[in-house]
Amino acid sequence: MNKQALKGLIISNDGNQATLAKAMGLSLSRLSAKINESGAEFNKSEIEFIRKRYKLSRKQVMDIFFTD
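Treat the numbers as computed from the prediction; the structure is a model and nothing was measured. Each chain carries its own residue numbering, running from 1 in the written order of its sequence. Local features in a predicted model are, by the rule used here, given only for residues with pLDDT of at least 70; side-chain atom pairs are given and counted only at 80 or more, and totals for whole chains, interfaces and linings are based on all residues. Hydrogens and water molecules were not included; the side-chain quantities draw on all heavy atoms of the structure.

Right, let's get into the overall build of the chain. Strands are runs of DSSP state E lasting at least 2 residues, helices are runs of H or I lasting at least 4, and numbering of each runs from the N terminus. Regarding its fold elements, the chain presents 5 helices and 0 strands. Radius of gyration (C-alpha) of the chain: 11 Å, near the 11 Å computed for a compact globule of 68 residues. Reported as C-alpha extents along the three principal axes, the dimensions of the chain are approximately 30 × 25 × 20 Å. Looking at the 68 residues of the chain, the share that counts as buried comes to 35%. In what follows, a contact means two residues having at least one pair of non-hydrogen atoms within 4.5 Å. In the chain, once contacts between residues fewer than 6 apart in sequence are set aside, the share between residues at least 24 apart is 49%. Note that the radius of gyration is over C-alpha atoms, with the globule rule given as 2.2 Å times the number of residues to the power 0.38. The rule is simple: take the accessible area with a 1.4 Å probe, protein chains only, and divide by the maximum for that residue type; under 20% is buried, over 50% is exposed, in between is partly exposed.

Written as structure tokens, this is what we have:
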């Protein structure tokens, strides 16, 4: 996952991770764990939520979530 790209999107759209976490119904620590790949990962519905929220193309989704 390209966590720098995701963090950049979050900051430019929501200002901080706490806003996105609240919108997704996650705690800030859980969202941080998913972003940092610390024992948690985004599921399909969460990726879709982010795609819609930030109006991402399919290519952008692939570049962010499915990059080594």
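What follows deals with the pattern of salt bridges. Basic side-chain nitrogens of Lys or Arg form a salt bridge, by our definition, when they fall within 4 Å of a carboxyl oxygen of Asp or Glu. Inspection of the entire model under this criterion finds 5 salt bridges. Among the salt bridges present, the one from aspartate 14 reaches arginine 53, with a minimum N-O distance of 2.9 Å. With aspartate 14 in helix α1 (residues 3–14) and arginine 53 in helix α4 (residues 44–53), the pair connects residues that are 39 residues apart, well separated along the chain. Judged by its relative accessible area of 31%, arginine 53 is partly exposed. Close ionic contact of glutamate 48 with arginine 51 constitutes a salt bridge, the shortest N to O distance being 2.6 Å. Pair noted here: glutamate 48 and arginine 51 are both in helix α4, with a separation of 3 residues, about one helical turn. Each of Glu48, Arg51 and Arg58 takes part in a single network of salt bridges with overlapping partners.

So, about unusual backbone geometry. Non-glycine residue glutamate 37 carries a positive phi angle of around 55 degrees. With respect to the helices, strands and loops of the structure, glutamate 37 is situated in the loop between α3 (28–35) and α4. Residue classification places glutamate 37 among the partly exposed residues on the basis of a relative accessible area of 48%. Positive phi, close to 55 degrees, is recorded for lysine 55, a residue that is not glycine.

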